[in-house]
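If you want the building blocks of each chain, they are given just below.
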Amino acid sequence: MCGIVGYVGFRPAAKVIVDGLQKLEYRGYDSFGVATNNPSLQVFKCEGKISEKGSEAGCLHGTIGIGHTRWATHGVPSDRNAHPHLDCTGRIAVVHNGIIENYAALTRELEAKGHVFRSETDTEVVAHLIEDCYDGSDLRGAVEAACSRLTGSFALLVTVEGSETVVAARDSSPLVLGVGDNEVFAASDVTPLLGYTERVVYLEDGDLAELDRGGWRVYARGEAVQRPIEHVDWDVETVRKGGFPHYMLKEIFEQPKVFYDTFHGITEESLPMQYRHPSEITVVACGSSYHAGLVFKYLCESACRIPVRTELGSEFKYFTPPLKGIVTVITQSGETADTLAALKKARAYNCPTLAITNVLGSTVTRVSDHTLYMRAGPEISVAATKSFVAQLAVLMHLADLMKGDGEFAAALEGANSAIDEVLLLDLAPAVEICRPAEHLFYVGRGLFYPIALEGALKMKEISYIHAEGYAAGELKHGPFALLSRDTPVVALCSPGDTYSIMLSNIKEMKARNAPIIGIGARGDRELTDIVDVFIPIPESHELVQLLATSVVLQLLAYRTAVALGRDVDQPRNLAKSVTVE
Amino acid sequence: MQAVILAAGEGTRLRPLTRSRPKALVPVANTPILKYVIDALLANGIRDIIVVVGYRKEHVIRYLNENHLPVRTVVQENQLGTGHALRCAEPFLKDRFLLLAGDNYIDRESIARIKGERNAVLVTDHPNPTNFGVVVTRGGFVSEIKEKPDTPTGYIVSTGIYALDRSFFRYTVGQEVPDALQAMIQDSARVVPVRAVDWQDAVNPWELLEMNARLLPQIEARRAGTISRSSKLYGLIRIGKGTEIGPNTYIHGPVAIGDDCTIGPNCVIMPETSIGSRVTIDPLSYVANSLVMDDVVIGSHSRIIDAVVGEACRLQDHTATWTTGAVLEREGQFQKAAFGAVLGDRVSSAPFTILKNCIIGNNVTIEAGNTTVTGVVPDGAVVI
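This structure is a prediction, so every number in the text was calculated from the model and none was measured. (Residues numbered from 1 in each chain as written. Chains lettered and ligands numbered in written order. Predicted model: local features only at pLDDT ≥ 70, side-chain atom pairs only at ≥ 80, totals over all residues.)

Caption draft 1: Here's a closer look at the overall build of chain A. When you go through chain A residue by residue, the secondary structure sums to 20 helices and 25 strands. For 581 residues, the compact-globule formula gives about 25 Å, and the C-alpha radius of gyration of chain A, at 25 Å, lands near that figure. Classification of the 581 residues of chain A by burial places 57% in the buried group. Summarising the internal contacts of chain A: among those between residues at least 6 apart in sequence, 71% fall at separations of at least 24. (Helix = DSSP H or I, 4+ residues; strand = E, 2+ residues; numbered from the N terminus. Rg over C-alpha atoms; globule rule 2.2 N^0.38 Å. Buried ≥ 20, exposed ≤ 12 C-beta atoms within 10 Å, placed from the backbone. Contact = placed C-beta atoms within 7 Å.)

Caption draft 2: Just the overall build of chain B, in detail. On a plain count of helices and strands, chain B comes out with 6 helices and 39 strands. Whereas a compact globule of 384 residues would reach a radius of gyration of roughly 21 Å, chain B reaches 22 Å, a difference of no more than 12%. With the C-alpha coordinates aligned to their principal axes, the bounding extent of chain B is approximately 65 × 45 × 35 Å. The buried share of chain B, taken over its 384 residues, is 51%. If you take every contact in chain B between residues at least 6 apart in sequence, the share linking residues at least 24 apart comes to 47%.

Caption draft 3: Structural context of the sheet that holds strand β24 (residues 280-281) of chain B. Overall, parallel pairing links the 9 strands, which are arranged β15-β18-β21-β24-β27-β30-β35-β37-β39 (chain B) in an open sheet. The open sheet has two free edges, formed respectively by β15 (226-227) and β39 (382-383) of chain B, since each of these has just one partner strand. (Pairing = 2+ DSSP bridges.)

Caption draft 4: The arrangement of the sheet that holds strand β20 (residues 370-373) of chain A in detail. Residues and elements named next belong to chain A. Ordered in space as β17-β16-β18-β19-β20, the 5 strands form an open sheet in which the pairing is parallel. Two strands close off the open sheet at either side, each with one partner strand: β17 (308-312) and β20. Across the sheet, the axes of successive neighbouring strands diverge by a mean angle of 20°, strand direction being ignored. Here 5 bridges tie strand β16 (residues 281-285) to β17, and the two strands are oriented parallel to one another. Across the sheet, residue Val283 finds its bridge partner in β17, namely Thr310. (Axes fitted to C-alpha atoms, helices over the stretch in contact; angles between N-to-C directions.)

Caption draft 5: Spatial organisation of the packing of helix α15 (residues 415-422) of chain A against helix α20 (residues 542-563) of chain A. Residues and elements named next belong to chain A. Where α15 contacts α20, the axes come no closer than 9 Å and their chain directions differ by 30°. Between α15 and α20, the angle falls in the class roughly parallel. Note that α15 runs across α20; the crossing there is right-handed. Residue-level inspection shows Ala415, Ala418, Ile419 and Val422 of α15 in contact with α20, the latter providing Val544, Leu547, Ala548, Val551 and Val552. By residue class, the composition of the contact of α15 with α20 is 9 nonpolar, no polar and no charged. (Parallel < 35°, antiparallel > 145°, perpendicular 65-115°, else oblique. Left-handed = near helix turned anticlockwise from the far one by under 90°. Nonpolar A, V, L, I, M, F, W, Y, C, P; charged D, E, K, R; others polar.)

Caption draft 6: Region of interest: the environment of Gly235(B). All names here are of chain B. Relative to the helices and strands, Gly235 resides in the loop between β16 (232-234) and β17 (237-239). Residue Gly235 is classed as exposed on the basis of its 12 C-beta neighbours within 10 Å. Residues Gly235 and Gly253 lie 18 residues apart in sequence; the distance between their C-alpha atoms is 4.5 Å. Here Gly235 is in contact with His252, Gly253 and Pro254, once residues within four sequence places are set aside.

Caption draft 7: Layout of the nonpolar core. In this structure, Ile130(A), Ala491(A), Leu547(A), Ile5(B) and Val52(B) are the most contacted members of the largest nonpolar core, which totals 310 residues. For this core, the element with the highest residue contribution is α20(A), accounting for 13 residues. Apart from residues no more than four positions distant in its own chain, Ala491(A) is found in contact with Val443(A), Met502(A), Ile506(A), Ile516(A), Ile517(A), Gly518(A) and Val531(A). (Core = buried A, V, L, I, M, F, W, Y, C linked by C-beta atoms within 7 Å.)

Caption draft 8: Region of interest: the interface of chain B and chain A. The partner chain A presents 11 residues to the 12 residues of chain B that form the contact. Looking at the side of chain B that touches chain A, the element that brings in the most residues is helix α2 (residues 57-66) of chain B, giving 5 residues. Of the residues assigned to the side of chain B that touches chain A, the class counts are 3 nonpolar, 4 polar and 5 charged.

Caption draft 9: Spotlight on helix α4 (residues 124-133) of chain A. Residue and element names in this part refer to chain A. For α4, the tally of buried residues reaches 8 of 10 residues, placing the bulk of the element in the interior. Looking at α4, one finds that the buried residues are Glu124, Val125, Val126, Ala127, His128, Leu129, Ile130 and Glu131. Buried residues along α4 sit in contact with β5 (85-86), β6 (92-100), α3 (103-112), α5 (139-149) and β7 (152-160).

Caption draft 10: Structural view of the environment of Leu343(B). Residue and element names in this part refer to chain B. With respect to the secondary-structure elements, Leu343 resides in strand β34 (residues 341-343). Of the residues examined, Leu343 has 33 C-beta atoms within 10 Å and is grouped as buried. Separated by 16 residues in the primary sequence, Leu343 and Ile359 have C-alpha atoms spaced 6.0 Å apart. Each residue touching Leu343, except ones within four places of it in the same chain, is listed here: Val308, Val309, Gly310, Cys313 and Ile360.

Caption draft 11: Structural view of the packing of helix α9 (residues 287-304) of chain A against helix α17 (residues 448-463) of chain A. All names here are of chain A. Running from amino to carboxyl end, α9 crosses α17 at an angle of 165°, the nearest separation of the two axes being 8 Å. Classified by the angle between their axes, α9 and α17 sit roughly antiparallel to one another. Considering the relative orientation of α9 and α17, their crossing is left-handed. For the pair α9 and α17, contact is made by Ser288, His291, Leu294 and Val295 and by Pro450, Leu453, Glu454 and Leu457, respectively. Considered class by class, the residues forming the contact of α9 with α17 number 5 nonpolar, 2 polar and 1 charged.

Caption draft 12: Quick look at the pairing of strand β22 (residues 466-471) of chain A. Pairing between strand β21 (residues 439-444) of chain A and β22(A): 6 bridges, direction parallel. Counted as the bridge partner of Phe441(A) is Glu468(A) from β22(A).

Caption draft 13: Region of the structure containing the confidence of the model for chain A. Averaged over chain A, the pLDDT score is 88; the fraction of residues at 70 or greater is 95%. Every residue in residues 235-239 of chain A scores below 50 in pLDDT, and together they form 12 contacts with partners more than four places removed in sequence or on other chains. (pLDDT = per-residue confidence, 0-100.)

Caption draft 14: Looking closely at α20(A). Residue and element names in this part refer to chain A. With 22 residues, α20 should reach 32 Å at 1.5 Å per residue; the first-to-last C-alpha distance of 31 Å fits that figure. In terms of burial, α20 is largely enclosed, as 19 of its 22 residues are buried. Of the residues one or two after α20, Gly565 is the one with positive phi, at around 75°. (Expected span 1.5 Å × (residues − 1).)

Caption draft 15: Layout of unusual backbone geometry. Cis geometry is found at the peptide bond from His83(A) to Pro84(A), where omega equals -5°. Inspection of the secondary structure assignment puts Pro84(A) in the loop between β4 (64-70) and β5. For the bond from Arg15(B) to Pro16(B), the omega torsion is 10°, close enough to zero to count as cis. Positionally, Pro16(B) belongs in the loop between β1 (2-7) and β2 (27-28). In the Ramachandran plot, Asn248(B) falls in the positive-phi region, its phi being about 55° despite a non-glycine side chain. Among the secondary structure elements, Asn248(B) is positioned in the loop between β18 (244-245) and β19 (250-252). Backbone geometry places Asn289(B), a non-glycine residue, at a positive phi of 40°. Within the secondary structure, Asn289(B) sits in the loop between β25 (286-288) and β26 (291-292).

Caption draft 16: Spatial organisation of the pairing of β16(A). Residues and elements named next belong to chain A. Among the 5 residues that make up β16, 5 are buried, leaving the element largely enclosed by the rest of the structure. Because side chains alternate across β16, one face comprises the buried residues Ile281, Val283 and Ala285, and the other comprises Thr282 and Val284, equally buried. Crossover β16 to β17 through α9 is right-handed. As defined by bridge partners, β16 adjoins strand β18 (residues 326-331) across 5 bridges and the pair is classed as parallel. When the bridges of β18 are listed, Ile281 appears paired with Ile326. (Right-handed = clockwise from strand over helix to strand, strands pointing away.)

Caption draft 17: Representation of the confidence of the model for chain B within the structure. Residues and elements named next belong to chain B. Across chain B, the average pLDDT comes to 90, with 99% of residues at or above 70. Looking at the elements of chain B, mean pLDDT is at its lowest for strand β32 (residues 327-330), recorded as 78, and at its highest for strand β23 (residues 273-275), recorded as 97. Note on the complex model: pTM 0.78, ipTM 0.88.

Here it is in structure tokens:
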């Protein structure tokens, strides 16, 4: 998974591209490169983060160019493997996002024809393939011919020395055009375009676009086609970090508003009738979205009496259960490969499909029958925070509509201020317990079990502390053996049906000397007395407590990671949206 | 021209309203004080603005981001006084700059008067000079600034707005800004006093009501949302988007109402009232001369007059305020003031509560109905 940017216009292309790539760093950041057409081809490639080393690339001349920020899939991150890749003549430059599955066979074929490969990537084959098809004038025809030979997923940008155009092609990887006055942009998502233009064109799978100063033309299967111009309402300010030290903290603090806007953005009319009373629901998602799906399962099964199955996208694709009823997929980016594959499978079963996503015009919105949007705005930090809360907002409203009596909507009226309230908490004593730990346990019951899983995931991904989420009752079936004074436990113990059993679980853990961080309702004396650190959250409806608790766990992970000096926004080995299997 | 706005201090005398925000972020006429300061600078073409944040910095930064205010922020990690706060901004300052407090209102005309000066202090008359720095002038220049004197020698006080240049940093080490200025004057620097047109400060929480009343006439009239045809609206009124005004509701401006509120039916909102966003006012309630913040719920048959109501308070039906002029003891000081009530954030009251000239802390729960609450109630208390 990578990010690509292309530009044709009147501005210095390298500068536009370097700026744009920085905004796409969340898609990958192990190496980057830029090529400009001036009209001779100039190429700069470099291992490392563009935010640290991008200024040199910005010096390339020319007003036509393409660029790439990489997330290694084939070949280690290095200057040589960084994009753009060139053909044998050094005249054709290609950047690519996705995976070419038949690259090995194509490489053998092209090598037999005398092409010389310089890198270990799957992308270089595209450059040589285009070279093989190129007659010296018709670049679009050459790219089209080359694409017809490729299997796998790709979003490509191609330029050739001396030409005034950039050719873009997409199949199963995201690509969007930005339309300005006498300039055209292409990028993996809208963030690099913001600040230059609000008019965008989303390309469909199989589309090929030709960009030049005069404008843009889209072709599908060789025929010219019309694609509508859409307006994006995200402005560049919302994409920026503002004055926050990390995107993650910025996004955590946006959550009261995100929850309110998302919850109120869904109305009776948002949900077609056939989704109101399903026989059963299958939710498919990955990562944090999967945890949101688990919350929905608990909520919907107990309150609406509708069976809900929550499945991991990566498993679902290969081990598909018998399907009936609605299939709902949850993906922040709308591009998660496993989730998209699951969606396609569900369609093959003729199930009505519903997508929950944050990104307008993303692939998932075009594949599913119906889409509900989170109103989280762009999420840049790799660790999901506001998108998780926005997913819960959508799912809670969905459950409310299915339940039909408005109980959840009424209970959640004060949720935004409760989330704001926990942002004031001083978590320093809890951070002191987590910081030196090598292992952490998160335990909860019922609705709080998925929240424990999500809390542990946040801690793992940004602080690199090994954290496990458990249903509190399961601890006795094994993990209890690991408890000691070196394994702190974060216990979620809000008032409710399981409160007293949670209390006795905590006492048992305490008896094994494990330091306990208890999160419960403000004023809970009993809990305060038995835990080492008590984190109070406002006493309110269970759903509000759940939201407030998940925000506390995000903050705990964030503060711990900062205390440990981690790169919070770009944790090692992780990328924002997982667009490959 | 650059400007530095100090917004790092809590503003403790405004407690309990500063628990979740610094004083600079307290809304008056539905706009944080800090926003008035930034707007006055922008209106004067001053675009290079540095805001020093500290106490609840995330909230300030979030507000600046949400409102797309084109400023830079600098963090003062520990609140070590105004001189230190200014020094946090020093790396960004080139030559001349304005120094302002983020928690005092200032109008654009005053900025226009001082922005051309090299060394100047903006001054104004104040009836209670003992809370401020009293400015003594001689021969058209400032000869002395006496901070919070017990026996003031005049009524001209410093507004805390200065025109300065980088040479001022020679005096700021370990000093508060007024003391540094005093040192600079003793060093025979010439500092010009410039008269402010409209400068306002709310030292005590109930003084916000006066500031609210004075700033409400500046709001821009707007009627977004859904307004029942049988409601009656008079005067200057601003209603935000998504707000519903129910039938037979009477609103007499100047009144500002935020977004997504539900008011009425059969409510009365009298002049000099501002109501934040997502506020619910149930039927048959009466609100006058009050400052109601975001996410508040006021139950039916309530009567809220001369009150500051903090964020997310939940007042049940038949809650009433009672304006008297009793003497209050706050942090060891006795003060006499006439107002109905000041409620911190997230106060909840049972039905038929009477709030009599009281200051109620954050997260206070008034559990028993039919109670009359007076005096000062600390944060987190439960009234039974």
